[in-house]
Amino acid sequence: MAGRTLEDVAAREEAALAVWLSDPEAAPHGGESLRDLRVRVGAWLDALQEGSGRVTAVVEPDVVRAATVHALGVPDATARRLDVRP
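Residues numbered from 1 in each chain as written. Predicted model: local features only at pLDDT ≥ 70, side-chain atom pairs only at ≥ 80, totals over all residues. Heavy atoms only, no water.

One can find Ala27 in the loop between α2 (14-22) and α3 (34-47). It is 18 Å that separates the C-alpha atoms of Ala27 and Glu60, two residues lying 33 residues apart in sequence. (Helix = DSSP H or I, 4+ residues; strand = E, 2+ residues; numbered from the N terminus.)

Here it is, written out as C-alpha cells:
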C-alpha cells in the first residue's frame, strides 16, 4: 500500500482498510499493526535514560499517537481517536 492515498486504498480495498482502522492488531498486506507500532515506539521510549534531557524526534503522526498511547497506558484503539497535526 506504500505510496497510495487513503482514498485510493479505500476505493480499491475497502474491507482491508476497515479492518486496519478498527482492529489495532490488524496488519493487512503484511504491514505493521497499530499495536506493533505502539510496542516498537514504547520500547524506544522506555529505553531512554532518565535524566538524558530533551529528545527531538521527527516522526509521522501515527508515531506521535503510539507514543501518547504508550505514555498514558490507554488501549491501543485510542490512538485512532487522537488528532495529531502533520
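A few words on the confidence of the model for the protein chain. In this model, the protein chain carries an average pLDDT of 89, and 98% of its residues clear a pLDDT of 70 or more. Taking the mean pLDDT of every element in the protein chain, the minimum, 83, falls on α2 and the maximum, 96, on helix α4 (residues 61-72). (pLDDT = per-residue confidence, 0-100.)

Looking now at α3. Its 14 residues place the ends of α3 20 Å apart at the C-alpha level, agreeing with the 20 Å of an ideal helix rising 1.5 Å per residue. Those residues of α3 that fall on the buried side of the exposure criterion are Leu34, Leu37, Val41 and Gly42. Around the axis of α3, the buried residues are gathered within 125° of arc, so they sit on the same side. Facing away from the buried surface of α3 by more than 90 degrees, the exposed residues are Asp46 and Ala47. In this structure, the buried side of α3 is in contact with α4. (Expected span 1.5 Å × (residues − 1). Buried < 20%, exposed > 50% of the residue type's maximum accessible area, 1.4 Å probe, protein only. Arc of directions from axis to C-beta. Contact = heavy atoms within 4.5 Å.)

To continue, consider the pattern of salt bridges. Following the criterion strictly, the structure yields six salt bridges and no others. Close ionic contact of Asp76 with Arg35 constitutes a salt bridge, the shortest N to O distance being 2.5 Å. Of this pair, Asp76 sits in the segment after α4 while Arg35 is found in helix α3, placing the two residues 41 residues apart along the sequence. Between Asp76 and Arg38 there is a salt bridge; the shortest N-O distance is 2.6 Å. Of this pair, Asp76 sits in the segment after α4 while Arg38 sits in helix α3, and the two are 38 residues apart along the sequence. Assessed through its relative accessible area of 6%, Asp76 is described here as buried. Members of the salt-bridge network, linked through shared partners, are Glu25, Arg35, Arg38 and Asp76. (Salt bridge = Lys/Arg side-chain N within 4 Å of Asp/Glu carboxyl O.)

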